[in-house]
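# Descriptive analysis of the structure
Listed below, chain by chain, are the residues.
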Amino acid sequence: MNRFVMRLRQAAEALSAFMMTALFATFLLQIFSRYVMDEPFGWTLELCLILWVWIVFFGAAFILRSEDHITFDLLYLAVPVGPRRVMALISAVAVAGTLLWSLLPTWDWVSFLRIKKSATLHIPMRDIYIVYPLFVVAVAAAYIWRIWVLLHKGIEDDGHKEDAA
Amino acid sequence: MTLAFSLCLLTIFVLAAIGTPVAYSIIVGSLVYLGVKGQDVAMAGEQMISGLFDSFVLLAVPLFIVAANIMNASAVSERLLKFCVATVGRFRGGLGHVNVVSAIIFSGMSGSAVADAAGIGRVVIDMMRKSGHYSGGYAAALTAASATIGPIIPPSIPMVLYALVSNTSIGYLFLGGIVPGLLMGVVLMFMNAYYAWKNNVGREESVPLREIPKVTMQAFPALLMPVILLYGIYGGIATPTEAAAIAAAYALVIAVFLYRSLSVKSFYEVMVESARPSASVGLVIGGALILNYIVASENIGTTIANALVGIHVAPLTFMFGVNILLLILGCILDASTIILVILPLFIPTCQQLGIDLIYFGVVTVVNTMIGLITPPYGILLFVINAITRIPLAEIIREIWVFIAALVFALVIMILFPEITLWLPQLFGYAG
């Protein structure tokens, strides 16, 4: 199981690195087309923006470790294990609960966007924005897993540092 | 303030205080707001993702991160340091001056204080400790303080974020940061000279003058980078976002072909390690986009502006009030959170009081950078502690004089807007 999860994580990292490289290369291509060829491609900018939103939400869902997040953890780290576990539980329940609650309406909005196409690449906006519901599901799942671990194993060996969320 | 908005703020503060990532706290708070208001909860996701998709300028954020990481992974920092040692290392307290000067040069290529501290900062701390003239705590504290210059001298990720929330020109903001950044360098070098004089710090063996041309030649391609960036942006050749990509490409070219110090494997690692902060900063930006939408629909900024204008607050009093508040917030909050969430609240007031938004932006970004080294929550202290294993208590003991020096520079910048506005006006800024 752990090996499988590790493989998945490596795959997610590889995909993120690929998207990052593609963003960088596409942007350079755009500069080249604008200044050297004097004939901007147009589609390059849109591809960059697509890659950017995917890097953010795909990355947040699958490659960010808990210590990568911008967090205010002074209080959390200062209290003893008991209250810390309660705090972690409240966080996890709040995030998982509200994200799941927003899932269906969000999905309705995203799937409605199949009729709207992007400006230059003519990709349905649904296929671009689908990364957001994916992010919602992945983060909610990671926090539900965390609730289970917190309830059954406690805070010490909850794999906090390796957690996907 | 409506019930929905009060509940939204309460949720964000409680969740963030108990250790929920800031971005998730904001998302949950916004969902609570939309739920209580009876609005469509899909609005949260819509504001986040379409806001990120529509902002061309934000592409500068991942590109600046890539550029800084490529430079840190290659031998660029070492060559720059050799150059600094050869030039300013010969004075008393020399390595301390090397620390500040290398931070200033490096800040002309990187837009992130954390990248500066983790990159060139790590190397310079080692040098200072090995020389035996400086305590670990002093070396670490000076490095943390000089890394705050990174996002003040262009390029700068925090200024891109400020431009996003204030609708000001990134080009003028970047120009506005140059003189304040140099001023910060001067006050830090002054403190270091004083320390060296008081503790009678010995001199390093100085590099013979005849070696300076060789060392300069080796560092030359790296030294050229800030020039290329600034010329690109202000010669009207490239936009700041394009300059970010050109910087990254240039760093890649010199690392691979000139210094031959970047393998395929380390390039892959650079990309993974660039994707992570891009995602975490991007997520907080997304959160700020929903929150700013809510703040705008509640008219919070205008309410604050009317209240302050109603009681006849003088612009200078307002500036000092905001800066004191930000310094306090900087002790506990992250800089990007302050810039994206707190600053927009004051922008309408600035407009009503006639305070220039470039001046306001540069000064408040300097303020939030000081916040990166103020305990208890100072991300630069944590980063340096993590990479050098110098205990936090030792760093914090030495950091106060540098905080005092930087606050002094901040006060000067508040009192004399010309320090910020002189260069932008020279380049045609009408404000």
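The rules behind the values
- Residues numbered from 1 in each chain as written.
- Chains lettered and ligands numbered in written order.
- Predicted model: local features only at pLDDT ≥ 70, side-chain atom pairs only at ≥ 80, totals over all residues.
- Heavy atoms only, no water.
- Helix = DSSP H or I, 4+ residues; strand = E, 2+ residues; numbered from the N terminus.
- Rg over C-alpha atoms; globule rule 2.2 N^0.38 Å.
- Buried < 20%, exposed > 50% of the residue type's maximum accessible area, 1.4 Å probe, protein only.
- Contact = heavy atoms within 4.5 Å.
- Areas by Shrake-Rupley, 256 points an atom, 1.4 Å probe, with all protein chains shown as cover.
- Lys, Arg positive; Asp, Glu negative; His and termini not counted.
- Charge placed at Lys NZ, Arg CZ, Asp CG, Glu CD.
- Salt bridge = Lys/Arg side-chain N within 4 Å of Asp/Glu carboxyl O.
- Phe/Tyr/Trp six-rings, centres within 6.5 Å; stacked < 30°, edge-to-face > 60°.
- Buried area = accessible area lost by both parts, 1.4 Å probe.
- Nonpolar A, V, L, I, M, F, W, Y, C, P; charged D, E, K, R; others polar.
- Patch = residues over 30% accessible without salt bridge, like charges linked within 9 Å, V, L, I, M, F, W, Y side chains within 5 Å.
- pLDDT = per-residue confidence, 0-100.
- Polar contact = N/O pair within 3.5 Å; in protein donor to acceptor, adjacent residues only side chain to side chain.
- Expected span 1.5 Å × (residues − 1).
- Axes fitted to C-alpha atoms, helices over the stretch in contact; angles between N-to-C directions.
- Parallel < 35°, antiparallel > 145°, perpendicular 65-115°, else oblique.
- Left-handed = near helix turned anticlockwise from the far one by under 90°.
- Core = buried A, V, L, I, M, F, W, Y, C linked by side-chain atoms within 4.5 Å.

Another point: the overall build of chain B. Within chain B one finds 20 helices and zero strands. Over its C-alpha trace chain B gives a radius of gyration of 22 Å, about what one expects of a compact globule, namely 22 Å for 431 residues. Each principal axis of the C-alpha atoms in chain B carries an extent, and together these give about 75 × 50 × 45 Å. Expressed as a percentage of its 431 residues, the buried residues of chain B come to 61%. By sequence separation, contacts in chain B at least 24 residues apart represent 80% of the contacts at least 6 residues apart. Within the structure as shown, chain B displays about 15400 Å² of accessible surface, and the carbon and sulfur contribution to it stands at 68%. One way to put it: in chain B the 17 positive side-chain charges average out to a point 16 Å from where the 18 negative ones average out.

Attention shifts here to the pattern of salt bridges. Summed over all chains, the structure comprises six salt bridges over all chains. For A:Glu13, the salt bridge identified is with B:Arg276, shortest N-O distance 3.1 Å. Of this pair, A:Glu13 sits in helix H1 (residues 2-36) while B:Arg276 is found in helix H13 (residues 264-297), placing the two residues in two different chains. Neither residue differs from the other here; A:Glu13 and B:Arg276 are each classed as buried. B:Glu273 is paired through a salt bridge with B:Arg276; the nearest N and O atoms lie 3.3 Å apart. Linking B:Glu273 with B:Arg276, this pair stays in helix H13, spanning three residues, or about one helical turn. Counted as one network, the salt bridges with shared partners bring together A:Glu13, B:Glu273 and B:Arg276.

Any pair of aromatic rings gets described here by the distance separating the centres and the angle formed by the planes. All names here are of chain A. Scanning all chains against the criterion turns up 18 aromatic pairs over all chains. Judged by centre distance (5.2 Å) and plane angle (70 degrees), the rings of Phe57 and Phe135 are edge-to-face. Pair noted here: Phe57 is in helix H2 (residues 43-62) and Phe135 is in helix H6 (residues 131-152), with a separation of 78 residues, a long-range link. Neither Phe57 nor Phe135 differs from the other in exposure class; each is buried. With 5.6 Å between their ring centres and 5 degrees between their planes, Trp145 and Trp148 make a pair best called stacked. Separated by three residues within a single helix, Trp145 and Trp148 lie in helix H6, roughly one turn from each other.

Next up on the list: the interface of chain B and chain A. In this assembly, 61 residues from chain B lie in contact with 58 residues from chain A. When chain B packs against chain A, the two sides together hide about 5400 Å² of surface, and 79% of this comes from carbon and sulfur. One can count two salt bridges joining chain B with chain A. At the level of secondary structure, the elements contributing two or more residues to the side of chain B that touches chain A comprise helix H1 (3-17), helix H2 (22-37), helix H3 (42-54), helix H4 (60-73), helix H12 (240-258), H13 and helix H16 (335-353) of chain B. Across the side of chain B that touches chain A, the residue classes break down as 41 nonpolar, 14 polar and six charged.

The next subject is a nonpolar patch on the surface. All names here are of chain A. A cluster of nonpolar residues, Leu29, Phe32, Tyr35, Val36, Met37, Phe41, Trp43 and Leu121, forms a patch on the protein surface that exposes about 670 Å² of accessible area. The greatest single-element share of the nonpolar patch, amounting to four residues, is contributed by H1. Its location among the elements puts Leu121 in the loop between helix H4 (81-112) and helix H5 (125-129).

With that out of the way, let us pick up the confidence of the model for chain B. Of the residues in chain B, 100% have a pLDDT of 70 or more, and the chain-wide mean is 88. For this predicted complex, the interface confidence score (ipTM) comes to 0.89, while the overall pTM stands at 0.83.

Okay, the side chain of B:Thr20 next. Within the fold, B:Thr20 resides in the loop between H1 and H2. Separated by 2.8 Å, the side chain of B:Thr20 and the backbone oxygen of B:Leu15 make a polar contact. Sequence-distant contacts of B:Thr20, defined by excluding residues within four places in its chain, comprise A:Thr71, A:Ser91, A:Val95, B:Leu15 and B:Ser25.

The next subject is helix H8 (residues 136-147) of chain B. Residues and elements named next belong to chain B. Here H8 contains 12 residues, and its C-alpha end-to-end distance of 16 Å stays within 8% of the 16 Å for a straight helix at 1.5 Å per residue. The buried fraction of H8 amounts to 12 of the 12 residues, a majority that puts the element mostly inside the structure. Those residues of H8 lying buried are Gly136, Gly137, Tyr138, Ala139, Ala140, Ala141, Leu142, Thr143, Ala144, Ala145, Ser146 and Ala147. Next to the buried residues of H8 lie helix H6 (94-107), helix H7 (113-131), helix H10 (170-198), helix H18 (379-388) and helix H19 (392-415).

With that settled, consider the packing of H4(A) against H6(A). Residue and element names in this part refer to chain A. Viewed as axis vectors pointing N to C, H4 and H6 meet at an angle of 155 degrees, and their least axial separation amounts to 8 Å. One way to sum up the angle between H4 and H6 is to call them roughly antiparallel. Crossing geometry of H4 relative to H6 is assigned as left-handed. Each residue belonging to the contact of H4 with H6 can be placed in one class, and the counts come to 22 nonpolar, one polar and two charged.

Of the consecutive residues B:Pro154 and B:Pro155, the connecting peptide bond is found in the cis state with omega at -5 degrees. Assignment of secondary structure puts B:Pro155 in the loop between H8 and helix H9 (157-166). With a phi close to 55 degrees, A:His122 is a non-glycine residue in the positive phi region. Even without being a glycine, B:Asn167 presents a positive backbone phi close to 60 degrees. Among the secondary structure elements, B:Asn167 is positioned in the loop between H9 and H10.

Here we take up the side chain of A:Arg84. Residues and elements named next belong to chain A. Examined against the element boundaries, Arg84 turns out to sit in helix H4. At 3.3 Å, the side chain of Arg84 and the backbone oxygen of Leu77 are in polar contact. Not counting the four nearest positions on each side in its chain, Arg84 is found in contact with Tyr76, Leu77, Val79 and Ile155.

With 19 residues, H12(B) should reach 27 Å at 1.5 Å per residue; the first-to-last C-alpha distance of 25 Å fits that figure. In the segment just after H12(B), B:Arg260 is the residue with positive phi, at about 45 degrees.

Here we take up the nonpolar core. One finds A:Phe57, A:Phe135 and B:Phe360 to be the most contacted residues of the largest nonpolar core, which totals 215 residues. Ranked by the residues each element gives to this core, the list is headed by H13(B), at 15 residues. Setting aside residues no more than four positions away along its own chain, B:Phe360 makes contact with B:Tyr162, B:Phe318, B:Met319, B:Val322, B:Leu343, B:Phe346, B:Ile347, B:Cys350 and B:Ile355.

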